[in-house]
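Remarks on the overall topology
One letter stands for each residue in the lines below.
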Amino acid sequence: MHDDRKLVEGRLKRVLDERIRPAVHPESVPLDVAVWHAPGEPVPVAEGLSATPEPIAAGDRWGAPWGTSWFTVTGTVPPEWAGRTVEAILDLGFDRNMPGFQCEGLVYRPDGTPVKGLHPLNDWVRIGAPVEGGEEVRLHIEAASNPVILDYHPFLPTPLGDKETAGTQPQYTLARMDLAVFDETVWQLVMDLEVLGELMAELPVEGARRWEIMRAVERALDAVDLQDVNGTAAAARECLAGVLATPAAPSAHRVSAVGHAHIDSAWLWPLRETVRKVARTTSNMTALLESEPSFVFAMSQAQQWAWVKEHRPEVWAKVVKAVAAGRFVPAGGMWVESDTNMPGSEAMARQFVHGKRFFLDEFGIENDEVWLPDTFGFAAGLPQIIKAAGSRWLLTQKISWSQTNTFPHHTFLWEGIDGTRIFTHFPPVDTYNCSMKGSEIAHAARNFKDKDLARHSLAPTGWGDGGGGATREMVAKAARMRDLEGSAVVTWETPAEFFTKAEAEHPRPAVWVGELYLELHRATLTSQARTKQGNRRSEHLLREAELWSATAAVRAGHPYPYERLDRLWKTVLLHQFHDILPGSSIAWVHREAEKTYAAVAGELNAIIDAAQRALAGDAGAGTRLLFNSAPHTRDGVPAGGAQAPVMAGGTTAGPREGGGHVLDNGLLRVEVDGRGLVVSVHDIAAGREAVAPGQAANLLQLHPDFPNMWDAWDVDAFYRNTGTDLVEADEVAPGEEPGTVRVTRSFGRSKVTQVLGLRPGARRLDIDTEVDWHETEKFLKLAFPLDVRAERYASETQYGHAYRATHTNTSWEAAKFEACNHRFVHLEEPGWGIALVNDSTYGHDVTRTVRDLDGGTTTTVRASLLRAPRFPDPETDQGVHRFRHALVPGATVGDAVREGYVVNLPARHLPGDAEVAPLVTLDNDAVVVTAVKLADDESGDVVVRFHEAHGGRAAATLTAGFPVSQVTVTDLLERPLTEAPREGGVTWREDGTVALRLRPFELVTLRLRR
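Bear in mind the structure is a predicted one, so any value in this text is a computation, not a measurement. (Residues numbered from 1 in each chain as written. Predicted model: local features only at pLDDT ≥ 70, side-chain atom pairs only at ≥ 80, totals over all residues. Heavy atoms only, no water.)

1. Observations regarding the overall build of the protein
- Scanning the protein for helices and strands turns up 18 helices and 53 strands.
- Its C-alpha atoms give the protein a radius of gyration of 31 Å, near enough to 30 Å, the size a compact globule of 1010 residues would have.
- With respect to the three principal axes, the spread of C-alpha positions in the protein is 95 × 65 × 60 Å.
- Here the protein holds 1010 residues, and the buried ones make up 62% of them.
- Sequence separation of 24 or more characterises 75% of the internal contacts of the protein that already satisfy a separation of 6 or more.
- Accessible surface, the protein as shown: approximately 36300 Å² in total, 51% of it carbon and sulfur.
- Between the centroid of the 103 positive side chains of the protein and the centroid of its 136 negative side chains there is a distance of 2 Å. (Helix = DSSP H or I, 4+ residues; strand = E, 2+ residues; numbered from the N terminus. Rg over C-alpha atoms; globule rule 2.2 N^0.38 Å. Buried < 20%, exposed > 50% of the residue type's maximum accessible area, 1.4 Å probe, protein only. Contact = heavy atoms within 4.5 Å. Areas by Shrake-Rupley, 256 points an atom, 1.4 Å probe, with all protein chains shown as cover. Lys, Arg positive; Asp, Glu negative; His and termini not counted. Charge placed at Lys NZ, Arg CZ, Asp CG, Glu CD.)

Below you can see the structure in the form of structure tokens.
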């Protein structure tokens, strides 16, 4: 046999492209089109429908960046089309190679009823099947002229990312706006040929099946009369019926297709546009569900559901109906698909509290799965949060993007820092926008790494981010692959159906311990510093607001602000979305985020102030109270209490021999040289020097920063090849406050002012840094070379800390050259450690060298301060920023925990004479309280959440500062645990106290009935 594969394959492509696909709509007539451009932001539907439009025609330009245009299309179905299927083809000027990320539309009937969304690969609206002929057609399109930010030449700086800089130039050219006959038989032939052609290309040349399909395709093409495709399509389909009917092998891989449209809650568009993207997509999917009985669609992110309910009630009604039928599935159980590296402990927990509660309240549905296909890596503290929320499974896909190492499993158990294990699946299809191409399904089967024990995988199927979700073409292809020889078996299923099958067939999955680190997008830990600072500050303000509001409610009958706290939590959780908090959105998103965080801070400070004043007593008594929001005693004030502080010691400041200044508070002796660098931090009690010999700490280092791609997301390892130490100082002088030194530096077009301070009685050197930043494509680090030999270090994560290597023995360790911490990084030798704490930075790196000078080891910790990428926001981080760090010599990990809270929860002082006792006290600092609040159900019960924070076993006694009638161990949603608490873990004693015995990093939530 002669090998004529290329000949047949080339023929198939050309005939499909030039003859068969065009024959799907063989006859058409143009529609009349008129348009009204909304003058500003999007308008209500009624206003758009009632506006007076002006004529426009195909070929005309329309749509200023971020504008909204209301098109009205009218026409008459030709009488001669009676008995045929007719569709309106409404092409707003789509680029079909770019599903999503461009103009979009939502089609309405004249009465305001939504019909479906318009998207690049879904531009049709069914008029009738069949029509009678002569019908009058009138449709309205709410069209968004969202500009293309990520174009064919990606990552070019553009002013289009903010309405304030985008200009008014029309973005799109109106294309085909027609009524057309839809030929179902030709369309089905296209589906047959696409499925078989794509499958054929994936099959081995040595196998008979490939040749069998090829000859069937060849016969079908022979049967098509290229001058009469519509008249011969049925005969061509008959030639393919046999090869399409051959069943799959019993051992074939099983793919659970889940209809999906991954919609970033903000990214290359603002939040307000996501509200409309969700409405368009849900309209599209409810319409597809009505016409395709086998199809199932899943949508995550409770926030997006809430937007539909609030802003598009007419769409919401369709969604509710589809949910009741079990085919439109709430997924994931989180408020948004958040970043999981940077959110703090309570914020990560509340993502599940608010997400799961929304689906429970609206539909009575509780999610067992966590759905995070696009999140940039997963913190090691997450498994126990998933379990504490009552969930069991995790899905993500993003780890397949790792640049260096290929993850060894697709279905496995993920073990977190406390030992909790979560059944986890990475779809081997390697995309969360599967389109049912044969190459995708074949890749999933070949790529599946656990095929020795299992054969089920999941494929999130549909175009996301404005692509409109799944299409009728995807459903048709999946139907053909439901039982097709040579292909994996494809079935539409819900996430829960997939996980149930996968878990049942995989009784002994492999175990992965520790964080799921994404070897990509590391710079998201630093980009857009104001957004990150707003998040960190908001998290701690929410802690304070709940603590003091609960204390004031119990102690003084002060009204607890349930609704306000609920609303503010949801605002903060929304901004933890994985393209907002990571700093990878357009300028518009981060400009709005800064304003939102300022408003959140203002409202929370008002709540805190009102509660504290209700507790403080007589403001004219002449005394001042310190309100301690931290979970440890501070200045003699117990955690969660208020009283007059006890101040201790003092700090001396004097000149340093050779230039500079010396600070000494009896605990630490700090030398700052004439360059403003810290050349000595001496732990007096331990007789130990922290700074490595011959090195200087508090060293600002500037690197070039131009990654190969994904500017705001990535920092590539080669950035460290070159850099500049900023050692020249404009001024080094005593600060305004006693015991401080002020340092100013200039570099490039930027300026840094630092205040180094040694507080009386403190074992930490405080470093406050203000940067007036005007660099481009640069990376600013703050370095601390330390005289410590440590093979690993600890960085804080949710409800504990995780360890990473300081060496690069393997490619896995070398890939972690930029990593995440929360409030502290800690490293130690036996008997002595040191911590670097911060108030708002997340990115850092830790490296080690052995000195020629003395053979000792220098371990350098560097905090990442600022970057200056130009895409997608060309002005990223320009302007003034303020950071606070503290170096804590002689620190245990417990000291690191405590000082991290001190830096992030500054003391509040109010006039008053009423000493405030804490609502709860714990007698072991290893057990750290992360939340004290009133129960969300407004019962008045007090909820306390805490965890073991040092990484060891801990025994403690919890004492309530009010009468308690019942103590209940609950999940994160404040429901009694369905499984009995571990014996001896939590015991309510007769004297009203609670005895606790906790495992390392164990998380507990208690509900105390008053």
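2. As for the packing of aromatic side chains
- Scanning the entire structure with this criterion turns up 37 aromatic pairs.
- With 6.5 Å between their ring centres and 40° between their planes, Phe295 and Phe297 make a pair best called tilted.
- When its relative accessible area of 0% is taken as the criterion, Phe295 is described as buried.
- Joined through ring pairs, the aromatic side chains of Phe295, Phe297, Trp305, Trp316, Phe328, Trp335, Phe358, Phe359, Phe363 and Trp492 make up one cluster.
- Stacked on the ring of Trp124, the Lys or Arg Lys116 has its end atom at 4.5 Å from the ring centre.
- Arg823 extends its terminal NZ or CZ atom over the ring of Tyr901, reaching a point 3.9 Å from the ring centre. (Phe/Tyr/Trp six-rings, centres within 6.5 Å; stacked < 30°, edge-to-face > 60°. Lys NZ or Arg CZ within 6 Å of the ring centre and 35° of its normal.)

3. Some thoughts on the packing of helix α3 (residues 184-202) against helix α4 (residues 208-223)
- Relative orientation of the contacting elements α3 and α4 amounts to 145°, with a least axis distance of 9 Å. Every pair of crossing elements has a handedness; the one defined by α3 and α4 is left-handed. Contacts between α3 and α4 involve Leu193, Leu196, Leu199, Met200 and Ala201 from the first element and Arg210, Ile213, Met214 and Val217 from the second.
- Classifying every residue of the contact of α3 with α4 gives eight nonpolar, no polar and one charged. (Axes fitted to C-alpha atoms, helices over the stretch in contact; angles between N-to-C directions. Left-handed = near helix turned anticlockwise from the far one by under 90°. Nonpolar A, V, L, I, M, F, W, Y, C, P; charged D, E, K, R; others polar.)

4. Focus on the sheet that holds strand β19 (residues 421-425)
- A sheet is described by the order of its strands in space; here five strands give the open sequence β16-β17-β19-β18-β22, paired in mixed fashion. Both outer strands of the open sheet, β16 (369-371) and β22 (511-513), are each paired with one neighbouring strand and no more. Ignoring which end each strand starts from, the neighbouring axes of this sheet average 30° apart.
- Both strand β18 (residues 411-415) and β19 contribute to a ladder of five bridges, which runs antiparallel. The residue of β19 that forms the bridge with Phe412 is Thr424.
- On top of the sheet, helix α13 (residues 495-505) reaches β16, β17 (393-395) and β19; it is set at about 110° to β17, its chief contact. (Pairing = 2+ DSSP bridges.)

5. Concerning helix α18 (residues 893-904)
- A rise of 1.5 Å per residue sets the reference length of α18, with its 12 residues, at 16 Å; its end C-alpha atoms lie 17 Å apart and thus fit the reference within 8%.
- Summarising burial for α18: 11 of the 12 residues are buried, a large majority.
- Val893, Gly894, Asp895, Ala896, Val897, Glu899, Gly900, Tyr901, Val902, Val903 and Asn904 are the residues of α18 that are buried.
- At its buried positions, α18 is contacted by α14 (529-556), β38 (800-805), β40 (824-829), β41 (832-838), β44 (879-889) and β47 (927-934). (Expected span 1.5 Å × (residues − 1).)

6. Describing the pairing of strand β12 (residues 177-182)
- The buried fraction of β12 amounts to six of the six residues, a majority that puts the element mostly inside the structure.
- Along β12, one buried face is formed by Met177, Leu179 and Val181 and the opposite face, lined by Asp178, Ala180 and Phe182, is buried too.
- Where strand β1 (residues 28-30) meets β12, three bridges bridge the pair, whose relative direction is antiparallel. Bridging across to β12, Pro30 finds its partner in Asp178.
- Sheet analysis places strand β6 (residues 85-90) next to β12, joined by six bridges and oriented antiparallel. By the bridge assignment for β12, Glu87 is matched with Ala180.

7. Some thoughts on the pattern of salt bridges
- For the structure on display, the rule yields 83 salt bridges.
- We note a salt bridge from Glu9 to Arg210, for which the minimum N-O separation is 3.1 Å. Note that Glu9 is positioned in helix α1 (residues 5-20) and Arg210 in helix α4, a separation of 201 residues in sequence.
- Notably, a salt bridge pairs Arg759 with Asp635, separated by 2.9 Å at the nearest N-O pair. Of the two residues, Arg759 is situated in the loop between β34 (750-758) and β35 (765-773) and Asp635 in the loop between β23 (624-627) and β24 (642-643); the sequence distance between them amounts to 124 residues. (Salt bridge = Lys/Arg side-chain N within 4 Å of Asp/Glu carboxyl O.)

So, to be careful, I would describe these as geometric facts and stop short of saying anything about function.
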